[in-house]
Every structure is written in structure tokens, then in C-alpha cells.
Amino acid sequence: MAPDQLEEIKRHFGVVVEALRSDIRQIAEGHAVVRHELQEMRNEFRDEFKTMRMFVQLYPAKLRLCSSAS
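So, a few notes on the structure that sits alongside this text.

Quick notes on the rules
Residues numbered from 1 in each chain as written. Predicted model: local features only at pLDDT ≥ 70, side-chain atom pairs only at ≥ 80, totals over all residues. Heavy atoms only, no water. Helix = DSSP H or I, 4+ residues; strand = E, 2+ residues; numbered from the N terminus. Buried < 20%, exposed > 50% of the residue type's maximum accessible area, 1.4 Å probe, protein only. Areas by Shrake-Rupley, 256 points an atom, 1.4 Å probe, with all protein chains shown as cover. Salt bridge = Lys/Arg side-chain N within 4 Å of Asp/Glu carboxyl O. Patch = residues over 30% accessible without salt bridge, like charges linked within 9 Å, V, L, I, M, F, W, Y side chains within 5 Å.

Some words on the overall build of the chain
The helix and strand inventory of the chain stands at one helix and zero strands. Considering the chain as a whole, with its 70 residues, one finds that 0% of them fall into the buried category. Total accessible area on the chain stands at roughly 6800 Å², and carbon and sulfur atoms take up 64% of it.

What follows is the structure in C-alpha cells.
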């Protein structure tokens, strides 16, 4: 193999490696965004679940208050 061919292969390989680095970086950034959004959704669901649990626990007490008032 001629030295100029070897240099061309090295140059091409370098270009391919840089493209892969760029793709991997984009995937990693996208993954971080999705992970952050999922964490926000988990927090919202947890807060809503706590609120619903509070209402479910208070509801029987309110029923007793209403039935004893009549």
C-alpha cells in the first residue's frame, strides 16, 4: 500500500471518528433531557398521589361529620 493511500485512509478514519463522537454526544444530551423530563413527571405524579391519598383519608371523616349533623 502506498504511503499516500495510507494517509488517505487515516484521514477518512479521523473524519468517521469525529462524526461518531458528534452522534454520541447528541445521544447523550438527548438522554439527559429525557431523564430530566421523566424525573419531573415522577415528582408531579408523587405530589398528585399524596394529594389524592389525603382526600381519600379525609373523605370518611367528612362523611361521619355529615351523618352526625343530620
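Focus on the pattern of salt bridges
Inspection of the entire model under this criterion finds three salt bridges. Between K10 and E7 there is a salt bridge, with the nearest N and O atoms lying 3.7 Å from each other. Of this pair, K10 and E7 both sit in helix α1 (residues 3-69), separated by three residues, roughly a single helical turn. Given the relative accessible area of 48%, E7 is considered partly exposed. Its salt-bridge partner being E18, residue R21 comes within 2.6 Å of it at the nearest N-O pair. With R21 and E18 both in helix α1, this residue pair falls three residues apart, about one helical turn.

A look at a nonpolar patch on the surface
Judged by side-chain polarity, V34, L38, M41 and F45 come together as a nonpolar surface patch covering roughly 380 Å² of accessible area. Its relative accessible area of 39% is what places L38 among the partly exposed residues.

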